Amino acid sequence: MELIIEGFKQAFLLIFTLDREVIGITLLSLQVSGSATLISMVGGIFVGTAVALSRFPGRQLVVSLINTGMGLPPVVVGLFVTIFLWRNGPLGSLEILYTPAAIILAQTVIAAPIVTGITLAAIQNLPPNLRLQILALGATRLQMVWLLVKEARLPLLAAVMAGFGGVISEVGASIMVGGNIKGYSRVLTTATVMETSRGNFEIAIALSVILMLLSFCVNAILTRIQQRERPR
Amino acid sequence: MSPADAPKVLLSARDLLARRGGATVLDIPELSVLEGEVLVLIGPNGAGKSTLLLTLAGLLNPARGKLLFRGNSIGTGGFDYRRRIAMVFQEPLLFDTTVFENVAAGLKIRGMGRTEIGRMVPEYLERFGIAHLAERSARKLSGGEAQRTSLARAFVTRPQIIFLDEPFASLDPPTRDALTGDLEQIIHETRTTALASTHDQTEALRLADRLAVMAGGRIAQIGTPAEVMYRPVNEAVASFVGVETLLPGKVVRLADGVFTAAVEGGEIEAVGHVRMGEAVLCCIRPEHVTLSTSASPSVTSARNVFPGKIQAITPLGLFLRVRVDCGFGLVAYVTSQSREELRLAEGISVTASFKATSIHVIRRGGGTGSETV
């Protein structure tokens, strides 16, 4: 119990004294997971909407693959991204292994199927005739897609939250492709794992408190956006 | 009426064919909608009413066929055409925003400015009696309010033709009645051409200038409501438009424009153009059959008078449906008051009568000699 209390004390000390290393790790976590979420959001909403609104041979298989992708284990993603980015790998020429860019790539692979899958379900859940109704209102195809996405905005923001939640908390892929290099590719989760393995529980607790606060703040902002402008 | 005054064809379809899952769901060789008219499609579930409406609205691509709007072919995608039409579905399909924003949706899509929207939307909110709901969430409306919003959203764009796909089917009878009245009024005020589908014959008769009965993806009959209701072309149409007694028979006598048909269990007299020996189907609407009893005998000039026994009495909204066995089955509608006055009950003897002129005769062919006049 004393250990936990000490951990919380340490956390507040680190936060309020603006410890440079902790601030750096926090900002990098935010930057890496934020970028991965943003890329996943753009790509996921686009692909999810396109698949939901189209009919083509093999669509069922594509939907199954997306749904399977929603549960990809981070370590598996980490393994394959490492292989791809390895010197002799297909993307080795990029030379980004053990950099924040590699973590962004791995986290995008984790978050994109989550956003895509939830988008797909959200668009498919809209009333079937809504699409026809929008077209009958004189909309172009692009206006129709935009209005459908707008109509599904609540589940779509939930998709973004789920995507962000999935990547900010993952550790397997980040440690494998980022290398947990101090001051360069160390993020909150990898730092927490490292400090725990060293027995520095106070610092590990402090980092996990910061991680939870960060996750809470981002989700609070997204929730505010989600609930904004809802007519009474 | 001079040719210049004759109503112009606004929308026409030629050789329209739609398929779903390999089966033909729509087969319309020719259909014209006249400018300013209200054409109502009726028919059983799966008759193809919705498919026809969606196809004519340019929202469903037919497997074959041509659509002409004011004589011009509707292009691929029909974007220009879709900006001249509006459609209201059975579900209101409102956006998750306020009533005002919903009604403004079509105008915003057209890129109309705020000032113009601010002028037009309140006018239509007022017309449909939902001005007080302008700022309310569309998710918090009753079924009737939501459908009023949907109608206002459609009419505010001032469509040249409006498609209504069973718009009041999911509403309770009083709300449906009120909305039908409002729709009737606004259609006539704005002189909007309308194409509607419904299951409700009362609604169809209130709205329609012309009525089309659909069955199996085809238009079985099209004409004025009186033509369709009282002169159905075949058994399927007759059954759908409420003809409850259909008696197949054969012409056995012709005299002075009146003929006698032998039906199973009796002979009935009717008026029509038939040949001697011709097979006919005699259609008798239940509201044309009068019942009397020994307790309350009536004097009738009807040529067809048959004694019979009541087989069944079924409540039917405002009326009671009375099935009488006169040697052949005959159905009559009576009011609750008549039932009490005549003391009608199952098993009692009654006299059923109907006029020769009230029978609609469908000719089934055969026969020889000259026709009755």
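What counts as what
Residues numbered from 1 in each chain as written. Chains lettered and ligands numbered in written order. Predicted model: local features only at pLDDT ≥ 70, side-chain atom pairs only at ≥ 80, totals over all residues. Helix = DSSP H or I, 4+ residues; strand = E, 2+ residues; numbered from the N terminus. Buried ≥ 20, exposed ≤ 12 C-beta atoms within 10 Å, placed from the backbone. Contact = placed C-beta atoms within 7 Å. Pairing = 2+ DSSP bridges. Nonpolar A, V, L, I, M, F, W, Y, C, P; charged D, E, K, R; others polar. Expected span 1.5 Å × (residues − 1). pLDDT = per-residue confidence, 0-100. Axes fitted to C-alpha atoms, helices over the stretch in contact; angles between N-to-C directions. Parallel < 35°, antiparallel > 145°, perpendicular 65-115°, else oblique. Left-handed = near helix turned anticlockwise from the far one by under 90°. Domains from an automatic or database assignment. Arc of directions from axis to C-beta.

A. Region of interest: the overall build of chain B. Broken down by element type, chain B carries 10 helices and 20 strands. By residue count, 41% of the 373 residues in chain B fall in the buried class. The long-range fraction of contacts in chain B, counting pairs at least 24 apart against all pairs at least 6 apart in sequence, stands at 68%.

B. How the structure looks around the sheet that holds strand 2 (residues 23-34) of chain B. Reading across from one edge, 2-1-4-5 (chain B) is the order of the 4 strands in this open sheet, with antiparallel pairing throughout. Single-partner strands in this sheet number two, and they are strand 2 and strand 5 (72-73) of chain B.

C. Layout of the interface of chain A and chain B. Counting residues at the interface gives 15 residues for chain A, matched by 24 residues for chain B. For the side of chain A that touches chain B, the elements supplying multiple residues, two or more each, are helix 6 (130-136) and helix 7 (141-151) of chain A. It is helix 6 of chain A that provides the largest number of residues to the side of chain A that touches chain B, a total of 5 residues. Each residue belonging to the side of chain A that touches chain B can be placed in one class, and the counts come to 8 nonpolar, 5 polar and 2 charged.

D. Helix 11 (residues 201-227) of chain A, seen in detail. The end-to-end C-alpha separation of helix 11 of chain A is 38 Å, in line with the 39 Å expected for 27 residues at 1.5 Å each. The elements touched by buried residues of helix 11 of chain A are helix 1 (2-16), helix 2 (20-53) and helix 10 (188-197) of chain A.

E. Structural context of the confidence of the model for chain A. Considering every residue of chain A, the mean pLDDT works out to 92; 98% of them sit at 70 or more. Per-element averaging of pLDDT across chain A places helix 1 of chain A at the bottom with 81 and helix 5 (residues 100-124) of chain A at the top with 97.

F. Quick peek at the packing of helix 4 (residues 74-85) of chain A against helix 5 of chain A. All names here are of chain A. Where helix 4 meets helix 5, the axes come as close as 10 Å, and the angle between the chain directions of the two elements is 130°. With respect to their mutual orientation, helix 4 and helix 5 come out oblique. In the packing of helix 4 onto helix 5, the handedness of the crossing is right-handed. Of the residues in helix 5, those in contact with P74, V77, G78, V81 and L85 of helix 4 are A102, L105, A106, V109 and I110.

G. Local environment of the sheet that holds strand 7 (residues 161-165) of chain B. Residue and element names in this part refer to chain B. Pairing in this open sheet of 6 strands is mixed, and the strands run 6-7-8-3-9-10 from one edge to the other. Single-partner strands in this sheet number two, and they are strand 6 (85-88) and strand 10 (218-223). Looking at each pair of strands side by side, their axes are set apart by 15° on average, direction ignored. Judged from the 5 bridges that link them, strand 9 (residues 210-215) and strand 10 form a sheet pairing that is antiparallel. Residue pairing across strands places L211 opposite G223, the latter belonging to strand 10. Across the sheet, helix 5 (residues 143-155) is in contact with strand 6 and strand 7; its angle to strand 6 comes to roughly 170°.

H. Seen up close, the packing of helix 2 of chain A against helix 8 (residues 153-168) of chain A. All names here are of chain A. Relative to each other, helix 2 and helix 8 sit at 140°, their axes nearing to 9 Å. With respect to their mutual orientation, helix 2 and helix 8 come out oblique. Pair helix 2 / helix 8 crosses with right-handed handedness. Two secondary-structure elements touch here, helix 2 through S29, S33, A36, T37, S40, M41, G44 and I45 and helix 8 through L156, A159, V160, G163, F164, V167 and I168. In terms of residue class, the contact of helix 2 with helix 8 is made up of 9 nonpolar, 6 polar and no charged.

I. How the structure looks around the environment of A:E202. Residues and elements named next belong to chain A. With respect to the helices and strands, E202 occurs in helix 11. Residue classification places E202 among the buried residues on the basis of 20 C-beta atoms within 10 Å. Not counting the four nearest positions on each side in its chain, E202 is found in contact with E6, G7 and Q10.

J. Summary view of the pairing of strand 16 (residues 304-316) of chain B. All names here are of chain B. Bridge count between strand 16 and strand 19 (residues 349-354): 6 bridges; the pairing is antiparallel. Of the residues in strand 19, the one forming a bridge with F306 is A352. Two strands pair when backbone bridges link them, and strand 16 and strand 17 (residues 319-325) are joined in this way by 7 bridges, in the antiparallel orientation. Pairing of I313 across the sheet is with V322, part of strand 17. If you look at the hairpin formed by strand 16 and strand 17, you'll find 2 residues sitting between the two strands, and G317 has a positive phi there, around 65°.

K. A look at the domain arrangement of chain B. All names here are of chain B. Each assigned domain of chain B is listed with its residue range as follows: domain 1 (9-238) and domain 2 (243-363). Spacing between the C-alpha centres of domain 1 and domain 2 amounts to 38 Å. Listed by partner, the interface residues are 6 residues for domain 1 and 6 residues for domain 2. Here the side of domain 1 that touches domain 2 is composed, by residue class, of 3 nonpolar, 1 polar and 2 charged.

L. Looking closely at helix 6 (residues 173-190) of chain B. Residues and elements named next belong to chain B. Here helix 6 is 18 residues long and its end C-alpha atoms lie 25 Å apart, about the 26 Å a rise of 1.5 Å per residue gives. Within helix 6, the full set of buried residues consists of R176, L179, T180, L183 and I187. Here the buried residues of helix 6 occupy an arc of 110° about the axis, which is enough to place them on one side. Relative to its buried face, helix 6 has exposed residues pointing more than 90 degrees away, namely P174, G181, Q185, H188 and E189. Residues of helix 6 that are buried make contact with strand 3 (38-42), helix 5, strand 8 (193-198) and helix 7 (201-207).

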